[in-house]
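One letter stands for each residue in the lines below.
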Amino acid sequence: HHKMSKLLLFFSLMVFQLSCTTSYSINIALQVDVFDQYCSCEYRAGGCIITVAPPEHVKCHCQYMGFWTCSAYGVHCTSKETCPADCYSKECCERGGGDCGG
């Protein structure tokens, strides 16, 4: 269900982009703050760990999906957060607010 809503949001933004200037549509997309391609998590004993770290200014939200699998998405960090690039630590995982028990 979550993937379907993100897909619908993506297509809505694409249609919106066709009717607006490029710079305006980029600003709208950044307000959504969800980036699937920026990180990846996998299951380890106890929960999820980051296996592909997001770039700077993006935090990774790991989510346990059941049957020993995890999914992930990146979320743009606020100006008050420090989100370094290539961070695989439990602290960086917890910053993303998801399952980080692995």
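The structure displayed is predicted, hence computed values, not measured ones. Residue positions are counted from 1 within each chain, in the order its sequence is given. A pLDDT threshold of at least 70 governs which residues receive local features in this predicted model, and a stricter bar of 80 or more applies before side-chain atom pairs are shown or counted, although totals over entire chains, interfaces and linings include all residues. The side-chain quantities take in all heavy atoms of the structure and omit both hydrogens and water.

Undergrad: Hey, could you run me through empty space enclosed by the protein in this one?
TA: Any empty space left between atoms is shown by rolling a water-sized probe over those atoms. With a 1 Å grid laid over protein atoms only, a set of points is called a cavity when a 1.4 Å probe fits there but cannot get out and a pocket when it is open yet has protein on both sides within 12 Å along at least five of seven lines; lining residues have an atom within 4 Å of a point. Grid points are joined across faces, edges and corners, and a volume is the space filled by probe spheres set on the points. In this structure the tally under the stated criterion is one cavity of 30 Å³ or more. If you trace the largest cavity, you find it lined by Ile50, Pro54, Val58, Lys59, Cys60, Cys83, Pro84, Cys87, Cys92 and Arg95. Looking at the lining of the largest cavity, the elements that each hand over two or more residues are β4 (58-66) and α3 (90-95). Here a strand is any run of E in DSSP of at least two residues, a helix any run of H or I of at least four, and the numbering for each starts at the N terminus. The biggest single contributor to the lining of the largest cavity is β4, with three residues.

Undergrad: Would you take a moment to explain the confidence of the model for the protein chain for this structure?
TA: Regions with low pLDDT should not have their predicted coordinates read in detail. Values of pLDDT, the confidence the predictor places in each residue, fall between 0 and 100. On average, the protein chain scores 76 in pLDDT, and the residues at 70 or more come to 64%. Overall, residues 1-33 carries pLDDT values under 50, and its contacts beyond four positions in sequence, including any with other chains, amount to 16 contacts. Residue contacts follow a heavy-atom distance rule, with two residues in contact if any of their heavy atoms lie within 4.5 Å.

Undergrad: When you look at the state of the cysteines in this model, what are you seeing that I'm missing?
TA: Each disulfide consists of a covalent bond between the sulfur atoms of two cysteine residues. Defined by distance alone, a disulfide is two cysteine sulfur atoms within 2.5 Å. Considering all chains together, one arrives at six disulfides under this definition. Paired by a disulfide, Cys93 and Cys100 hold their sulfur atoms 2.1 Å apart. Across the disulfide from Cys93 to Cys100, rotation about the S-S bond amounts to roughly -90 degrees, and the bridge is consequently left-handed. Like Cys93, the residue Cys100 is buried in the burial classification. Here the bonded cysteines of the protein chain are numbered in sequence order, and their pairing is 1-4, 2-5, 3-6, 7-8, 9-10, 11-12. Only protein chains enter the area calculation, which uses a 1.4 Å probe; residues under 20% of their type maximum are buried, those over 50% are exposed, and those in between are partly exposed.

Undergrad: Help me understand the environment of Lys90, please; the structure alone is not making it clear to me.
TA: Tracing the backbone through its elements, the reader meets Lys90 in helix α3. For Lys90 and Ile50, which are 40 residues apart along the polypeptide, the C-alpha to C-alpha distance reads 8.2 Å. Filtering out sequence-adjacent residues up to four positions away, Lys90 remains in contact with Cys100 and Gly101. Polar contacts here mean pairs of N or O atoms no more than 3.5 Å apart (in protein, one a potential hydrogen donor and the other a potential acceptor; neighbouring residues in sequence count only if both atoms are side-chain atoms). A polar atom in the side chain of Lys90 sits 3.5 Å from the backbone oxygen of Cys100.

Undergrad: Can you help me understand the environment of Ile49 in this one?
TA: Among the secondary structure elements, Ile49 is positioned in strand β3 (residues 47-52). Each C-alpha atom of the pair Ile49 and Glu94 lies 9.9 Å from the other, and the pair is 45 residues apart in sequence. Each residue touching Ile49, except ones within four places of it in the same chain, is listed here: Ser40, Cys41, Glu42, Arg44, Cys62 and Gly102.

Undergrad: Please explain the nonpolar core as it appears in this structure.
TA: Nonpolar core, defined: a set of buried Ala, Val, Leu, Ile, Met, Phe, Trp, Tyr and Cys residues in which side-chain atoms within 4.5 Å join the residues together. Cys41, Cys48, Ile50, Cys60, Cys62, Ala72 and Cys93 are the most contacted members of the largest nonpolar core, which totals 13 residues. When contributions to this core are tallied by element, the ones reaching two or more residues are β3, β4, β5 (69-76) and α3. Sequence-distant contacts of Cys41, defined by excluding residues within four places in its chain, comprise Cys48, Ile49, Ile50, Thr51, Cys60, Cys62, Cys70, Ser71 and Ala72.

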